[in-house]
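Letter by letter, the chains look like this.
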Amino acid sequence: MPLSSDQMDLLRLIIRVIGSMSVFLNLCLIACVVALERFHKPMSFLQANLAGLEIIQASIYIIGNEIATTTPTTCFYVGIFGQLIANATTFMNLNISLYVYLSVIYRRGVAERYWYYYHGYTWGMSALLTGIAFIMQAVLKRGPVFGDSTFECWISAEYPELRIDLFYLPLWINSVFIFAIYGRILWFLRSHRKKRCDENIQTGVIPVAPDTTTTSHHEESSQSNQDRTSVRAMSFSGPGSNAPSLSRKLLIAPSLPLPKIVTIPSLARSHKSGKPAVSRGNKLLLIKAGVMATGFIISWLPASAGRMYTLITAIPAPYWLTILTAIGLSTFGLWNPGIFFLTWLWPSFSKKYGTRASDVNEGAPDYPTNASGGKNCGG
């Protein structure tokens, strides 16, 4: 059953209010990256690229599908642009996850080496999927392939299967790859940590110097040994003995040296400082990209469920799921600027309230093979 005008008005209100917030925050993100030198870094540039795509996509949702009845030609071209940008947003999220993967597993220089490949993959695949839509229009001949969709101008209702094939299927595939990437990163960090722990166990780290109680006991034992040695020396060199006068001196046994801390050059710094498997800069990259990828998938989850429901049952999704879809489509552009400004402003907040501040810089390139589990070893 089609949605009533009141229901559509509520959906449009949700999308336009939250979408406007998304546009504003993403514009602020781009302005900060352009104006502030501290953000002239690859990760920030990737976030700015994603912000630009999200601004365009949110604007398409704000425009809505009303123009399909007034100016169908305009809706057709807006739909083309919507298909291109929607897929580009999906592929850019995957590229950000891939950048973090290469930075953590290898090093930052390796990740930056594929900068042009990221954009080639994003725009190449998006253009390919948009072009296939025109091919299917010529083959199926059901009218314009782009036009009125539920919330915006996109693939028209005459080609519902193309919405699955040319957008949702790539979206789901990219989501699987994103999960696989972060699963691989977590497995790498866990195995690397275990490896360094095993190396510490095999090489052995001599315990630190004993405490005051142990030291006092050792001194008492040494003094007792000295007394017994002195008695033996006096009886051996007693009165009437022809032994040299030198033998009359106390034969004091040298006291045992205190235990020393042995540091292994390759592990010394890591053992003392407890250096983790990744630098703080790479940790920040991992948090940023993880939040963005997770938020992106969460935002598209209701829309994916609605499409699958319609595909399986051949009836429209329930209204409550449609509302969740509208909320998801309008909030997908909030995750990127949200984590951007949070990681920027958090150190100031931490300093003001006395908590430990995180390093907002991306840090030096990390070489995980030189890191040690140290005191971070755990089960």
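Just above, that's the structure.
Our subject in this report is the structure included herewith. Along each chain, the written sequence defines residue order, and numbers are assigned to residues from 1. For this predicted model, a pLDDT threshold of at least 70 governs which residues receive local features, and a threshold of 80 or more governs which side-chain atom pairs are given and counted, while totals over whole chains, interfaces and linings are taken from all residues. To obtain the side-chain values, all non-hydrogen atoms of the structure were included, while hydrogens and water were left out.

Another aspect to go through is the overall build of the protein. Each helix and strand counted, the protein has twelve helices and two strands in total. For the protein, the sequential pattern of α-helices and β-strands runs α-α-α-α-α-α-β-β-α-α-α-α-α-α. Should any heavy atoms of two residues lie within 4.5 Å, those residues are considered in contact. Pairs at least 24 residues apart make up 76% of the contacts formed inside the protein by residues separated by at least 6 positions. For every accessible area listed, the method is Shrake-Rupley and the probe measures 1.4 Å; residues are considered covered only by the protein chains on display. Summing over all exposed atoms, the protein offers an accessible surface of approximately 20,800 Å²; the carbon and sulfur share of this is 67%. In this text, helices come from DSSP runs of H or I with a minimum length of four residues, and strands from runs of E with a minimum of two, each type numbered from the N-terminal end.

Okay, helix H6 (residues 115-140) next. Every α-helix carries 3.6 residues per turn, so stepping three or four residues along brings you back to the same face. Counted at 1.5 Å a residue, the expected span for H6 with its 26 residues is 38 Å, and the 38 Å between its end C-alpha atoms agrees. In this scheme, a residue with accessible area under 20% of its type's maximum is buried, one over 50% is exposed, and one in between is partly exposed, where area comes from a 1.4 Å probe on protein chains only. For H6, the complete set of buried residues consists of Tyr 118, His 119, Thr 122, Ser 126, Leu 129, Thr 130 and Ala 133. With its phi angle positive at about 55°, Lys 141 sits one or two positions after the end of H6. Each residue after the first adds 1.5 Å to the expected span of a helix.

Any carboxyl oxygen of Asp or Glu that lies within 4 Å of a side-chain nitrogen of Lys or Arg is treated as forming a salt bridge with it. As enumerated under the stated definition, the model contains four salt bridges in all. In this structure, Arg 16 and Glu 66 form a salt bridge, with 3.1 Å as the shortest nitrogen-oxygen distance. Taken together, the residues span a long stretch of sequence, with Arg 16 in helix H1 (residues 5-35) and Glu 66 in the loop between helix H2 (42-63) and helix H3 (67-70) at a distance of 50 residues. Given the relative accessible area of 28%, Arg 16 is considered partly exposed. Between Arg 142 and Glu 161 there is a salt bridge, and its shortest N-O distance comes to 2.8 Å. Here the residue Arg 142 occupies a position in the loop between H6 and strand S1 (146-148), and Glu 161 occupies one in helix H7 (residues 160-203), the gap between them amounting to 19 residues. By relative accessible area, Arg 142 is classed as partly exposed at 38%. Residue Glu 161 is classed as partly exposed on the basis of its relative accessible area, which comes to 27%. Shared partners join several salt bridges into a network, and the residues in it are Asp 9, Arg 12, Arg 16 and Glu 66.

Below, the discussion takes up the nonpolar core. The biggest cluster of nonpolar side chains holds 58 residues, and the ones touching the most others in it are Ile 96, Tyr 99, Val 100, Tyr 168, Ile 185 and Trp 300. Secondary structure elements with two or more residues in this core: H1, H2, helix H4 (72-105), H6, strand S2 (153-155), H7, helix H10 (280-313) and helix H11 (319-331). Residues contacting Val 100, with those up to four places away along its chain left out, are Ile 185, Leu 285, Leu 286 and Ala 289. Counting eight residues, the second largest nonpolar core, distinct from the first, contains Leu 29, Phe 39, Ala 48 and Phe 341. Buried Ala, Val, Leu, Ile, Met, Phe, Trp, Tyr and Cys residues form a nonpolar core when they are joined through side-chain atoms within 4.5 Å.

Running from N to C, H4 and H6 cross one another at 145°; their axes reach a closest spacing of 8 Å. Here H4 runs over H6; the crossing is right-handed. Across the contact of H4 with H6, the residue classes break down as 18 nonpolar, eight polar and no charged. Between the N-to-C directions of two axes lies an angle of 0 to 180 degrees, each axis being a line fitted to C-alpha atoms and, for a helix, fitted only over the stretch in contact. Take the far helix as your reference; a near helix turned counterclockwise from it by less than a right angle gives a left-handed crossing, and one turned clockwise gives a right-handed crossing. All amino acids are sorted into three groups, where Ala, Val, Leu, Ile, Met, Phe, Trp, Tyr, Cys and Pro are nonpolar, Asp, Glu, Lys and Arg are charged, and the leftover types, Gly among them, are polar.

Note on aromatic contacts: the rings of Phe and Tyr and the six-membered ring of Trp form a pair at centre separations within 6.5 Å, being stacked when their planes are under 30 degrees apart, edge-to-face when over 60 apart, and tilted otherwise. All chains considered together, the criterion is met by 21 aromatic pairs. Ring plane angle 45° and centroid distance 4.8 Å describe the contact between Phe 39 and Phe 340, whose orientation is recorded as tilted. Linking Phe 39 in the loop between H1 and H2 with Phe 340 in helix H12 (residues 335-353), this pair joins segments that are 301 residues apart in sequence. Residue classification places Phe 340 among the buried positions, given a relative accessible area of 1%. A ring pair is formed by Phe 340 and Phe 341, whose centres lie 5.1 Å apart and whose planes are at 90°; its orientation type is edge-to-face. Both residues of the pair, Phe 340 and Phe 341, belong to the buried class. Grouped by ring-pair contacts, the aromatic residues Tyr 61, Trp 154, Phe 167, Tyr 168, Trp 172, Phe 296, Trp 300 and Phe 332 constitute a single cluster.

A word on unusual backbone geometry. With a phi close to 55°, Lys 141 is a non-glycine residue in the positive phi region. With a phi angle near 65°, Ala 314 is a residue other than glycine that sits in the positive phi range. Mapped onto the elements, Ala 314 comes out in the loop between H10 and H11. When its relative accessible area of 67% is taken as the criterion, Ala 314 is described as exposed.

On to the side chain of Ser 97, then. Locating Ser 97 in the fold gives a position in helix H4. A 3.5 Å cut-off defines polar contacts: any pair of N or O atoms within that distance qualifies, except that in protein one atom must be a possible hydrogen donor and the other a possible acceptor, and neighbouring residues in sequence count only when both atoms are side-chain atoms. A distance of 3.3 Å separates a polar atom in the side chain of Ser 97 from a polar atom in the side chain of Tyr 182. Setting aside its immediate chain neighbours within four residues, Ser 97 contacts Ile 178, Ile 181, Tyr 182 and Ala 293.

Another point: the state of the cysteines. By disulfide we mean two sulfur atoms from cysteines, separated by a distance within 2.5 Å. Tallying each qualifying case throughout the model produces one disulfide. Cys 75 shares a disulfide with Cys 153; S-S distance 2.0 Å. Its S-S torsion of about -115° marks the bond between Cys 75 and Cys 153 as left-handed, since a negative value means left-handed. In this pair, Cys 75 sits in helix H4 while Cys 153 sits in strand S2, placing the two residues 78 residues apart along the sequence. Cys 32 provides the cysteine sulfur closest to Cys 28, a residue in no disulfide bond, and the two sulfurs are 6.6 Å apart. Look at Cys 32 and you get buried, because its relative accessible area is 13%.

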